Amino acid sequence: MSSNYLFVYGTLQKESDNEMSGFLTQYAKNIEEGYFLGRLYQISWFPGAVFTGVASEKVFGTVFQVQHMSLVLKTLDAYEGFDEKRLESSLFVRQLITVYLENNRPLKAWVYLYNQTVKGKRRIDSGYFIE
């Protein structure tokens with residue numbers, strides 16, 4: 001299955017105002033805010049999210065509709081430390097999961113999930129990296 005939607009929750013959000021969030025807005029249209037079922041952690045200066053599937057645990061962010069998906073994913077894969085040939089050592093993995101728009105409408109979107117241990121990392125209980 002494929003999708004031209006991308007869900008971002010951290011430094012790729014427009015409010016982060018950095019080079020990579022600027023790159024994304026150049027190739028993608030902001031659809032609306034949303035969430036997925038998971039937990040958000042403060043990893044370093046950036047967050048990491050893990051998928052849980054638990055309805056009471058939500059990670060909030062933005063859904064984008066992406067043009068030139070292969071170019072965008074190649075660039076973002078490098079930024080997120082994702083190497084599909086080295087999954088175990090990848091900092092993040094890119095997965096296609098169900099995200100929910102503001103009206104709770106489900107949508108399949110790509111998301112970068114944290115791929116290392118969260119032991120000792122502070123959980124961001126609100127589910128928002130940028131509030």
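Look above for the structure.
What comes next concerns the included structure.

Parameters at a glance
- Residues numbered from 1 in each chain as written.
- Predicted model: local features only at pLDDT ≥ 70, side-chain atom pairs only at ≥ 80, totals over all residues.
- Heavy atoms only, no water.
- 1 Å grid on protein atoms, 1.4 Å probe; cavity = no way out; pocket = protein on both sides within 12 Å on 5 of 7 lines; lining within 4 Å.
- Points joined across faces, edges and corners; volume = space filled by probe spheres on them.
- Helix = DSSP H or I, 4+ residues; strand = E, 2+ residues; numbered from the N terminus.
- Nonpolar A, V, L, I, M, F, W, Y, C, P; charged D, E, K, R; others polar.
- Phe/Tyr/Trp six-rings, centres within 6.5 Å; stacked < 30°, edge-to-face > 60°.
- Buried < 20%, exposed > 50% of the residue type's maximum accessible area, 1.4 Å probe, protein only.
- Core = buried A, V, L, I, M, F, W, Y, C linked by side-chain atoms within 4.5 Å.
- Contact = heavy atoms within 4.5 Å.

Glancing now at the layout of surface pockets. By volume, the largest pocket amounts to about 220 Å³. Surrounding the largest pocket, 15 residues form its lining, Thr 11, Pro 47, Tyr 79, Glu 80 and Phe 92 being those nearest its centre. Broken down by secondary-structure element, the contributors of at least two residues to the lining of the largest pocket are β1 (5–8) and α2 (69–80). Considered class by class, the residues forming the lining of the largest pocket number 11 nonpolar, 3 polar and 1 charged.

The full count for this structure, using the stated rule, is 9 aromatic pairs. With centroids separated by 5.4 Å and ring planes inclined at 85°, the aromatic side chains of Phe 7 and Phe 36 adopt a geometry described as edge-to-face. Placement of the pair is Phe 7 in strand β1 and Phe 36 in strand β2 (residues 28–42), with a sequence separation of 29 residues. Note on Phe 46 and Phe 92: the rings are 6.2 Å apart at their centroids and 55° apart in plane angle, and the pair reads as tilted. Highlighted residues: Phe 46 in the loop between β2 and β3 (47–51) and Phe 92 in strand β5 (residues 92–101), separated in sequence by 46 residues. Comparing Phe 46 with Phe 92 shows no difference in burial state: the two are buried. Clustering of aromatic rings is evident, with ring pairs tying together Tyr 35, Phe 60, Tyr 100 and Tyr 128.

Okay, the nonpolar core next. Leu 6, Phe 7, Tyr 9, Leu 24, Phe 36, Leu 76 and Val 99 are the most contacted members of the largest nonpolar core, which has 37 residues in total. At the level of secondary structure, the elements contributing two or more residues to this core comprise β1, α1 (19–27), β2, β4 (58–66), α2, β5 and β6 (106–114). A total of 7 residues in this core trace back to one element, the largest contributor, which is β6. Once residues lying within four places of it in the same chain are set aside, the contact partners of Leu 24 are Leu 6, Val 8, Leu 12, Phe 64, Val 72 and Leu 76.

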